[in-house]
Amino acid sequence: MTYKIAILPGDGIGPEIIAEAEKILSCLQTEFGLSLECEHAPVGGAGYEAAGHPLPAATLQLARASDAVLLGSVGGPRWDGLDRALRPEQGLLGLRAGLGLFANLRPAILYPQLAAASTLKPEVVSGLDIMIVRELTGGIYFGTPRGIRIREDGQREGFNTLIYSESEIERIGRCAFEIARKRARRLCSVDKANVLECTELWREVITGLGREEYKDVELSHMYVDNAAMQLVRRPKQFDVMVTTNMFGDILSDAAAMLTGSIGMLPSASLDSRGKGMYEPIHGSAPDIAGKGIANPLATILSVAMMLRYSLDAPALAVRIEHAVGKVLDDGLRTPDIASPGTRTVGTREMGDAVAGALRSGA
Ligand code: IPM
Ligand code: MG
């Protein structure tokens, strides 16, 4: 079986980190017999430059026709002045909506080798392994009406709509419960049910699911403000967390930082049939773009998630994760995760080292 992969490098450090992930993809083909057909397309600012739109029609079409999408990152100050509809972020949001990728899986795992890179005490974060399941195609990100309008008194006001239907809550809830079942069977649903009706319904629907279909999973609920506090206070209390689009955006950045660097964390965005888009959770880092110092590991680990969730090759995913562990054991570090006694390397050298470790394990 040949899998078709759409490769969308995007902006900023995107092309640099994607180049390293592609070394891993070619190694999988030459050493492990995986059959892939890869095709590149522009998205984000690159899409705007190439075709006048952050999500060119041909790019969306390619993504739709592929088994999986590997994305670098989008955005940069160069496009800040554009209309909202033409800004790079719309490329990402358009892909999520256009492909129906409602479930965003954001693992926060601390590699033991990087305990010193976290801003939290080692005993608070060592062994950390949380999975955040973020709803990705609904909520306030996509709710209408939205906009900026002029009131009768002449003042402008901005407005957005937080909205979730029962079925939207149910499908993300089910996805999170299923993931919890394969892990430590603990699910914490995060909402703001004390203030927002929309998330009062969220809590009700998740509670019902737990009672009717997932009695074997220990379900708890937490308000989002408390969840943010608990993530930095005692993060290891969490196994799987499920939450709305916006709360998930915020909490996943906080969880990422627990692990030392946002440059380490991959993500998967899935539809209901296993098709997915895979990307590092960090952004396009325009400040370091082109310098060859970006950490490619989150993107490489996103390839591992792609193998696990879309290409039905979990054993190869484990090999990639081991190769990353081996390189960290050897003391190689990009600047974002460097600590005394380690060797600082650039983006390319890090990619080569992981590809080498993967090859030697073949
Ligand atoms: C993320 C990013 C995006 C989001 C932006 C770039 C639109 O922050 O994937 O977390 O808000 O979802
Ligand atoms: Mg974010």
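Here, the structure is the one placed above.
Presented here is an overview of the structure given in this document. It should be emphasised that the depicted structure is a prediction, and the values quoted were computed from it without experimental measurement.

**Description of the side chain of T199**
At step 1: Turning to its location among the elements, T199 is positioned in helix 7 (residues 197-212).
At step 2: Relative accessible area serves as the criterion here: at 0%, T199 is assigned to the buried category.
At step 3: A polar contact of 3.0 Å, which involves the side chain of T199, links it to the backbone oxygen of K192.
At step 4: Dropping the residues within four chain positions of it, T199 is found in contact with L162, D191, K192, A193, T244 and F247.

**Here we look at the pairing of strand 10 (residues 240-243)**
At step 1: Taking every second residue as pointing to the same face, both faces of strand 10 are buried, with V240 and V242 on one and M241 and T243 on the other.
At step 2: Sheet analysis places strand 5 (residues 129-135) next to strand 10, joined by four bridges and oriented parallel. Pairing of R134 across the sheet is with T243, part of strand 10.
At step 3: Sheet analysis places strand 8 (residues 186-191) next to strand 10, joined by three bridges and oriented parallel. Residue pairing for strand 10: L187 is matched across the bridge by V240.

**A word on a negative patch on the surface**
At step 1: Residues E166, E197, E200 and E204 make up a contiguous surface patch of negative charge.
At step 2: Checked against the element boundaries, E197 lands in helix 7.
At step 3: By relative accessible area, which is 62% here, E197 ends up exposed.

**A few points about the site of ligand 1**
At step 1: Close contacts around ligand 1 come from E89, L92, R96, R106, R134, Y141 and D249, and that covers them all.
At step 2: At 2.7 Å, a side-chain N or O of R96 approaches an oxygen atom of ligand 1.
At step 3: Between ligand 1 and D249, the relevant distance is 2.9 Å, taken from an oxygen atom to a side-chain nitrogen or oxygen of the residue.
At step 4: Starting from 320 Å² of accessible surface for ligand 1 in isolation, the protein chains cover 76%.
At step 5: In a pocket analysis with a 2 Å cut-off to the grid points, ligand 1 is assigned to the largest pocket.
At step 6: Of the residues forming the shell around ligand 1, the biggest block, three residues, is contributed by helix 4 (residues 89-99).
At step 7: Here the residues of the shell around ligand 1 are counted per class, giving two nonpolar, no polar and five charged.
At step 8: Residue-level mapping places the shell around ligand 1 at the junction of two domains, with at least three residues from each of domain 1 (1-102 + 271-362) and domain 2 (119-268).

**Quick notes on the environment of A362**
At step 1: With respect to the helices and strands, the residue A362 is situated in the segment after helix 12 (347-360).
At step 2: Looking at A362, the relative accessible area reads 54%, which means it is exposed.
At step 3: Residues A362 and L316, 46 residues apart in the sequence, show an inter-C-alpha distance of 10.0 Å.
At step 4: For A362, the residues in contact, after removing those within four places along its chain, are E31, F32 and R319.

About the cut-offs
Residues numbered from 1 in each chain as written. Chains lettered and ligands numbered in written order. Predicted model: local features only at pLDDT ≥ 70, side-chain atom pairs only at ≥ 80, totals over all residues. Heavy atoms only, no water. Helix = DSSP H or I, 4+ residues; strand = E, 2+ residues; numbered from the N terminus. Buried < 20%, exposed > 50% of the residue type's maximum accessible area, 1.4 Å probe, protein only. Polar contact = N/O pair within 3.5 Å; in protein donor to acceptor, adjacent residues only side chain to side chain. Contact = heavy atoms within 4.5 Å. Pairing = 2+ DSSP bridges. Patch = residues over 30% accessible without salt bridge, like charges linked within 9 Å, V, L, I, M, F, W, Y side chains within 5 Å. Areas by Shrake-Rupley, 256 points an atom, 1.4 Å probe, with all protein chains shown as cover. Salt bridge = Lys/Arg side-chain N within 4 Å of Asp/Glu carboxyl O. Lys, Arg positive; Asp, Glu negative; His and termini not counted. Charge placed at Lys NZ, Arg CZ, Asp CG, Glu CD. Near = heavy atom within 4 Å. 1 Å grid on protein atoms, 1.4 Å probe; cavity = no way out; pocket = protein on both sides within 12 Å on 5 of 7 lines; lining within 4 Å. Sits in = over half its atoms within 2 Å of the grid points. Nonpolar A, V, L, I, M, F, W, Y, C, P; charged D, E, K, R; others polar. Domains from an automatic or database assignment.

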